[in-house]
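What the coordinates show
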Amino acid sequence: MATVTFRDETATGKPVSEWEVAGLPERMTVGELIRIRVREEVTRYNARPSNHFNGLVRPDDAETELNGYRLREPRRIDWERQAEIAERAFLSNGFFVLAGNRQVEDLDDVVDLTADPDLVFIKLVALVGG
């Protein structure tokens, strides 16, 4: 079994957050890893709902803030819905994923977690007027 480190960084390489998930198979697809990451962050949020959600993608009916998303009121978030949003965002270049020293480009790309246990997620921000 493998332990993967999920790390968020800015486009300039500045670390934003980091956490580990243990007990994973040694090889997984990028799509599976995105779903695990989203399930973990939504589970953490749902354990203590608040007006602020700090996750990979914006929940429905939430506003973007500097460090996450503001919900109109605390509520439970559906991790499967968030995972679908995250997969679409990945496919439309809303964020990209680095496994070791390489960018993974497809949800079906397989990552060997024994060789590349660190996954870096970099959100891309749309430019104003661009």
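In case you missed it, the structure is sitting above this.
One structure accompanies this document, and this report is about it. (Residues numbered from 1 in each chain as written. Predicted model: local features only at pLDDT ≥ 70, side-chain atom pairs only at ≥ 80, totals over all residues. Heavy atoms only, no water.)

**As for the environment of Gly-100**
Mapping Gly-100 onto the fold places it in the loop between β7 (95–99) and β8 (102–104). The class of Gly-100 is partly exposed, set by a relative accessible area of 36%. As for Gly-100 and Ser-50, which are separated by 50 residues in sequence, their C-alpha atoms are 34 Å apart. (Helix = DSSP H or I, 4+ residues; strand = E, 2+ residues; numbered from the N terminus. Buried < 20%, exposed > 50% of the residue type's maximum accessible area, 1.4 Å probe, protein only.)

**Brief notes about the pairing of β7**
Of the two faces of β7, only one is covered, namely that formed by Phe-95, Val-97 and Ala-99; the face formed by Phe-96 and Leu-98 stays uncovered. Both β7 and strand β10 (residues 118–123) contribute to a ladder of five bridges, which runs antiparallel. The residue of β10 that forms the bridge with Val-97 is Phe-121. Relative to β8, β7 runs antiparallel, the two being bridged by three bridges. (Pairing = 2+ DSSP bridges.)

**Some thoughts on the pairing of strand β5 (residues 62–65)**
Side-chain direction in a regular strand flips from residue to residue, so the side chains alternate between the two faces of the sheet. Direction of pairing for β5 relative to strand β6 (residues 68–71): antiparallel, over a ladder of four bridges. Counterpart to Glu-65 in the pairing with β6 is Gly-68. As consecutive antiparallel partners, β5 and β6 are separated by two residues.

**What to know about unusual backbone geometry**
The residue Asp-61 is not glycine, and still its phi comes out positive at about 60°. Along the chain, Asp-61 turns up in the loop between β4 (52–53) and β5. By relative accessible area, which is 55% here, Asp-61 ends up exposed. Although it is not a glycine, Asn-93 adopts a positive phi angle of roughly 65°. Within the fold, Asn-93 resides in the loop between α2 (79–91) and β7.

**Focus on the side chain of Glu-87**
With respect to the element layout, Glu-87 can be found in helix α2. Here Glu-87 falls in the buried class, since its relative accessible area comes to 19%. Setting aside residues no more than four positions away along its own chain, Glu-87 makes contact with Gly-31, Arg-35 and Leu-107. (Contact = heavy atoms within 4.5 Å.)

**With respect to the packing of helix α1 (residues 30–47) against α2**
One can describe the packing of α1 onto α2 by two numbers: an axis separation of 9 Å at closest approach and a directional angle of 135°. Taken together, the axis directions place α1 and α2 in an arrangement best described as oblique. Crossing angle aside, the handedness with which α1 passes α2 is right-handed. For the pair α1 and α2, the contacting residues are Val-30, Gly-31, Ile-34, Arg-35, Val-38, Arg-39 and Val-42 in the first and Trp-79, Glu-80, Gln-82, Ala-83, Glu-84, Ala-86, Glu-87 and Phe-90 in the second. (Axes fitted to C-alpha atoms, helices over the stretch in contact; angles between N-to-C directions. Parallel < 35°, antiparallel > 145°, perpendicular 65-115°, else oblique. Left-handed = near helix turned anticlockwise from the far one by under 90°.)

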